[in-house]
Amino acid sequence: MSEERKSLNFLEQIIEEDLASGMPKNHLRFRFPPEPNGYLHIGHTKAIGISFGLGEKYNAPVNLRFDDTNPAKEEQEYVDSIKQDVAWLGYKWDKELFSSDYFQQLYDWAVQFIKEGKAYVDSQSSEAMAEQKGTPTQPGIDGPFRNRTVEENLDLFQRMKAGEFNEGEHILRAKIDMQHTNMLMRDPIMYRILKKDHHRTASDWCIYPMYDWTHGESDYIEQISHSLCSLEFKPHRELYDWFLDQVVTTDKLRPKQREFARLNLSYTIMSKRKLLKLVEDGVVNGWDDPRMPTISGLRRRGYTPNSIRKFVETVGVAKRENMIDVSLLEFCIREDLNKTAPRVMAVLDPVKVVITNYPEDKEEWFDAENNQEDAAAGFRKVPFSREIFIEKEDFKEQASNKFFRLKLGGEVRLKNAYIIKAESVVKDANGNITEIHCTYSDDTERRIKGTLHWVSIKHAITAEVREYDRLFLDETPDSHQDKDFMEFINPKSLRTIQAFVEPSLKTVEKGQRFQFQRLGYFNVDDDSSSDKLVFNKTVGLRDSWAKVKPQPAANKNGNNQQKPQQQQSQRKAIDIIQKLGKKYTNLPEEKRLKVRAEILELAKDVSYDEVQPLFNTAVKKVGTRIAVALILKVLLENGQAKNDDIKAFIEKALDDKNELLVEEAKTFN
């Protein structure tokens with residue numbers, strides 16, 4: 001097999017085989033067929049990326065077809081939002097189509113089915129039909145109306161269309177095989193009565209076709225070459241083909257359905273019904289709430305089309321279902337914004353600094369680089385004055401020599417400005433620091449380890465900052481049979497802060513994205529105005545979320561089905577962590593994030609006495625030392641006192657040359 005062949009995903013291989021077998025390339029046509037009953041979410045981006053990606057690869061047209069066969073749930077609002085989302089992702093469709101465009105053709109074919117004895121009207125209750133359908137291990141039985149005459153079926157079906165019957169009185173079923181091993185082939189429903197106005201056809205119809213009947217025939221009408229859908233539709237393929245068998249002619253292309261694994265994302269739900277419940281119950285503020293996994297929510301939070309497309313590309317096309325760590329999505333937006341987002345300064349939790357030897361009436365404007373990753377981004381001016389804000393966490397009255405931020409008697413560099421030294425503090429009646437008095441030095445050539453961001457108080461603009469966290473505390477919130485997914489809502493998923501930002505942000509526009517230096521990436525929210533700036537936190541500068549990874553489930557016999565994990569669980573957690581740590585620094589970013597999360601989970605079963613002997617691990621064994629730092633993080637969170645040995649380990653880590661170890665050590669301060 002050639003290298004080029006190996007690089008193709010399995011869908012591309014199918015297409016290449018069809019082309020090699022004689023299919024003309026200009027016959028290739030794909031489609032993305034969303035149902036307009038909700039907003040698109042991150043799970044849909046995979047289906048969008050696959051179909052439109054293949055269209056780009058083969059220079060083939062891609063239809064945007066709305067599967068609008070259920071007027072009870074569909075609205076024009078959803079049609080408009082879907083179009084906006086697909087266009088925002090950067091994709092262009094060839095034709096905008098609707099399944100409702102084919103209602104008459106589908107009806108005509110259904111009449112032909114009846115005439116050929118391939119469909120009949122059933123007048124039973126849904127409970128009776130369900131009982132007759134059987135089970136996966138038991139065949140179904142024929143119902144009492146299965147052998148109605150053609151004339152009676154035609155009369156009833158036409159009267160259904162005319163609106164003579166109530167909902168639920170009659171349905172039209174395909175006449176296939178009630179004993180078929182595939183339950184979907186046991187006389188599936190083709191039409192049901194729904195006396196509801198349609199968003200496009202109004203009250204023209206009161207019978208509507210089912211998805212399985214509509215899907216393949218719509219593909220055939222549009223001459224779709226490859227109908228690509230997620231794995232849950234694989235059992236439907238046999239029915240898809242049966243319906244096509246009844247209408248396909250030899251002079252037209254026959255569509256081919258093929259399935260891929262859908263996108264499952266940790267700490268996220270993908271069900272439109274459950275997302276709708278979040279909206280209706282007021283858990284979130286609409287479909288575009290930045291905590292929602294909808295494309296509109298991600299867009300409002302500050303995600304870029306490039307980051308989402310990169311995420312879909314990284315996930316790839318697979319045949320088996322798997323769970324993708326949400327940290328990969330966050331990694332993709334960090335990578336993108338690191339290259340493109342202008343750097344600015346903002347203070348979210350301020351404490352006042354007074355520079356006592358700086359003239360009260362003086363102010364200066366310094367040049368500040370907009371983005372060190374982009375030389376063309378240029379510079380901006382930032383004002384400096386006698387009184388500034390810094391972050392409260394950037395100051396300590398007393399701290400070790402490894403605390404590289406501001407402390408009494410210590411010096412730090414102010415980003416783009418001077419070096420300052422803390423001389424004294426002013427406290428309120430409760431002992432809280434209200435001011436830090438400093439002196440400045442204009443000898444900025446000196447080497448100073450710590451650099452802080454800041455804003456000039458007299459020039460600062462007040463802004464509302466919305467810090468978002470994950471909406472769910474559980475990795476798979478809707479996978480628990482004994483619990484409702486709503487039980488896992490994170491009560492701290494939104495924190496609203498009054499912050500202070502530099503004056504260059506006064507004229508920002510909605511949707512603009514920035515890096516607040518040393519804090520994270522933020523974008524201007526839709527609620528923002530010239531009178532009140534509002535920023536959403538898109539993502540932090542690094543992953544600070546400790547993933548809780550569930551233990552492998554046991555099967556009904558009490559034995560774990562995954563033998564390697566069973567063997568691993570019999571070993572001590574500290575031993576497993578040491579093994580994971582050995583190769584930690586050599587792992588690619590995505591894998592390293594997963595291993596980090598695994599270490600944090602295993603650390604819950606490690607005692608202080610087990611990790612203490614590793615404090616003096618050789619300097620060259622960086623991966624093990626990082627693993628030790630992660631264990632200590634968990635121990636300290638669970639009440640372990642920060643004794644002298646732990647402090648010494650952290651100080652040594654802060655002074656290390658390895659950036660990964662230093663970053664982990666910084667989180668202890």
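Here the structure is a predicted model, which is why all the values come from computation and not from measurement. (Residues numbered from 1 in each chain as written. Predicted model: local features only at pLDDT ≥ 70, side-chain atom pairs only at ≥ 80, totals over all residues. Heavy atoms only, no water.)

Let's shift gears to the overall build of the chain. The number of helices and strands found in the chain is 20 helices and 29 strands. If you line up the chain on its principal axes, its C-alpha atoms span 100 × 60 × 55 Å. Expressed as a percentage of the 669 residues in the chain, the buried residues total 51%. Here the analysis covers contacts within the chain between residues at least 6 apart in sequence; of these, 71% occur between residues at least 24 apart. Only carbon and sulfur atoms are counted for the fraction: they give 45% of the accessible area of the chain, which is about 32300 Å². Mean positive and mean negative side-chain charge positions of the chain (101 and 108 charges, respectively) differ by 5 Å. (Helix = DSSP H or I, 4+ residues; strand = E, 2+ residues; numbered from the N terminus. Buried < 20%, exposed > 50% of the residue type's maximum accessible area, 1.4 Å probe, protein only. Contact = heavy atoms within 4.5 Å. Areas by Shrake-Rupley, 256 points an atom, 1.4 Å probe, with all protein chains shown as cover. Lys, Arg positive; Asp, Glu negative; His and termini not counted. Charge placed at Lys NZ, Arg CZ, Asp CG, Glu CD.)

Across the sheet, which stays open at both edges, the three strands sit in the order β1-β2-β3 with parallel pairing between neighbours. Two strands lie at the open edges of the sheet, namely β1 (30-32) and β3 (96-98), each paired on one side alone. Each strand axis lies, on average, 35 degrees off the axis of its neighbour in the sheet, ignoring direction. Contacts from helix α3 (residues 42-57) reach β1 and β2 (62-66), with the element oriented near 155 degrees to β1. (Pairing = 2+ DSSP bridges. Axes fitted to C-alpha atoms, helices over the stretch in contact; angles between N-to-C directions.)

Among the structural elements, aspartate 525 can be located in the loop between β28 (520-524) and β29 (533-539). Among the polar contacts listed, one links the side chain of aspartate 525 to the side chain of arginine 466, at a separation of 3.1 Å. A polar atom in the side chain of aspartate 525 sits 2.8 Å from the backbone nitrogen of aspartate 527. When sequence neighbours within four positions are dropped, the list of residues in contact with aspartate 525 reads Arg300, Arg466, Lys510, Val534, Phe535 and Asn536. (Polar contact = N/O pair within 3.5 Å; in protein donor to acceptor, adjacent residues only side chain to side chain.)

Further remarks concern the environment of leucine 328. When you line up the elements, leucine 328 lands in helix α13 (residues 326-340). Along the backbone, leucine 328 and lysine 604 are 276 residues apart, and their C-alpha atoms lie at a distance of 24 Å. Contacts of leucine 328, omitting those with residues within four sequence positions, involve Phe311, Thr314, Val315 and Glu590.

Enumeration over the complete set of coordinates arrives at 54 salt bridges. When the shortest N-O distance is used, the salt bridge between aspartate 142 and arginine 146 registers 3.7 Å. Judged by relative accessible area, aspartate 142 falls into the partly exposed class, the value being 41%. Residue class for arginine 146 comes out buried when judged on its relative accessible area of 10%. Aspartate 241 is paired through a salt bridge with arginine 254; the nearest N and O atoms lie 3.7 Å apart. Here aspartate 241, found in helix α9 (residues 237-247), pairs with arginine 254, found in the loop between α9 and β9 (256-260); they are 13 residues apart in sequence, far enough to count as distant. Overall, aspartate 241 belongs to the partly exposed group, its relative accessible area being 25%. (Salt bridge = Lys/Arg side-chain N within 4 Å of Asp/Glu carboxyl O.)

A word on helix α18 (residues 622-637). Taking 1.5 Å per residue, 16 residues should reach 22 Å; α18 reaches 23 Å between its end C-alpha atoms and fits that length. Along α18, 14 of the 16 residues are buried, which leaves the element largely enclosed by surrounding structure. (Expected span 1.5 Å × (residues − 1).)

On to the packing of aromatic side chains. Across all of its chains, the model carries 31 aromatic pairs by this definition. Aromatic pair tyrosine 39 and tryptophan 287: ring centres 5.3 Å apart, planes at 15 degrees, arrangement stacked. Note that tyrosine 39 is positioned in the loop between β1 and α3 and tryptophan 287 in the loop between α10 (272-280) and α11 (295-301), a separation of 248 residues in sequence. The burial state of tyrosine 39 is the same as that of tryptophan 287; both residues are buried. For the pair tyrosine 358 and phenylalanine 384, a centre-to-centre distance of 5.2 Å together with 85 degrees between the ring planes defines the contact as edge-to-face. Pair noted here: tyrosine 358 is in the loop between β14 (350-355) and β15 (363-369) and phenylalanine 384 is in strand β16 (residues 379-385), with a separation of 26 residues, a long-range link. The same class applies to tyrosine 358 and to phenylalanine 384, which are both buried. (Phe/Tyr/Trp six-rings, centres within 6.5 Å; stacked < 30°, edge-to-face > 60°.)

Right, let's talk about the nonpolar core for a bit. By size, the foremost hydrophobic cluster in this structure holds 52 residues, and its most contacted members are Phe32, Ile42, Ile48, Val86, Leu265 and Phe311. Of all the secondary-structure elements, those providing two or more residues to this core are α2 (10-20), β1, α3, β2, α4 (76-88), α11, α12 (305-315) and α13. Take this core: its biggest share by element is seven residues, from α13. The contacts of phenylalanine 32, once residues within four sequence positions are left out, are Leu40, His44, Ala47, Ile48, Phe52, Val62, Asn63, Leu64, Arg65 and Val86. Core analysis: the second largest hydrophobic core is formed by 36 residues, Ala119, Leu172, Trp213 and Phe243 among them. (Core = buried A, V, L, I, M, F, W, Y, C linked by side-chain atoms within 4.5 Å.)

Our next topic: α12. Listing the buried residues of α12 in full gives Pro305, Ser307, Ile308, Phe311 and Val312. Looking at the buried side of α12, the elements it contacts are α3, α4, β10 (264-265), α11, β11 (323-324) and α13. Two residues or fewer after α12 comes glycine 316, characterised by a positive phi angle close to 80 degrees.

Attention now goes to the sheet that holds strand β23 (residues 451-452). Overall, mixed pairing links the seven strands, which are arranged β23-β20-β21-β22-β14-β17-β24 in an open sheet. Looking at which strands have only one partner, the edges of the open sheet turn out to be β23 and β24 (455-456). As defined by bridge partners, strand β17 (residues 387-391) adjoins β24 across two bridges and the pair is classed as antiparallel. Residue pairing for β24: isoleucine 388 is matched across the bridge by serine 456.

A few words now on a positive patch on the surface. Where like charges cluster on the molecular surface, the positive patch consists of Arg571, Lys579, Lys582, Lys583, Lys620 and Lys621. By the secondary structure assignment, lysine 621 is in the loop between α17 (608-611) and α18. (Patch = residues over 30% accessible without salt bridge, like charges linked within 9 Å, V, L, I, M, F, W, Y side chains within 5 Å.)

All right, on to the packing of α3 against α12 then. A packed helix pair is summarised by two numbers, namely the angle formed by the two axes and the spacing between the axes. Where α3 meets α12, the axes come as close as 10 Å, and the angle between the chain directions of the two elements is 85 degrees. In terms of orientation, α3 and α12 fall into the roughly perpendicular class. Here α3 contributes Ile42, Thr45, Lys46 and Glu56 to the contact with α12, which in turn contributes Ile308, Arg309, Phe311, Val312 and Val315. (Parallel < 35°, antiparallel > 145°, perpendicular 65-115°, else oblique.)

Turning next to the confidence of the model for the chain. Here the chain shows a mean pLDDT of 91. Residues at 70 or above account for 95%. In the predicted structure, residues 546-569 sits below a pLDDT of 50 and forms 24 contacts with residues beyond four places in sequence or in another chain. (pLDDT = per-residue confidence, 0-100.)

The backbone of aspartate 187 sits at a positive phi, close to 50 degrees, despite the residue not being glycine. Structurally, the position occupied by aspartate 187 is in the loop between β5 (171-174) and β6 (189-193). We note that arginine 518 has phi near 70 degrees; this positive angle belongs to a residue other than glycine.

Take the pairing of β14 next. Two elements, β14 and β17, share five bridges in a ladder whose sense is antiparallel. Along β17, the bridge assignment pairs lysine 352 with phenylalanine 389. With four bridges joining them, β14 and strand β22 (residues 433-441) adopt parallel strand pairing. Residue pairing for β22: valine 354 is matched across the bridge by histidine 437.

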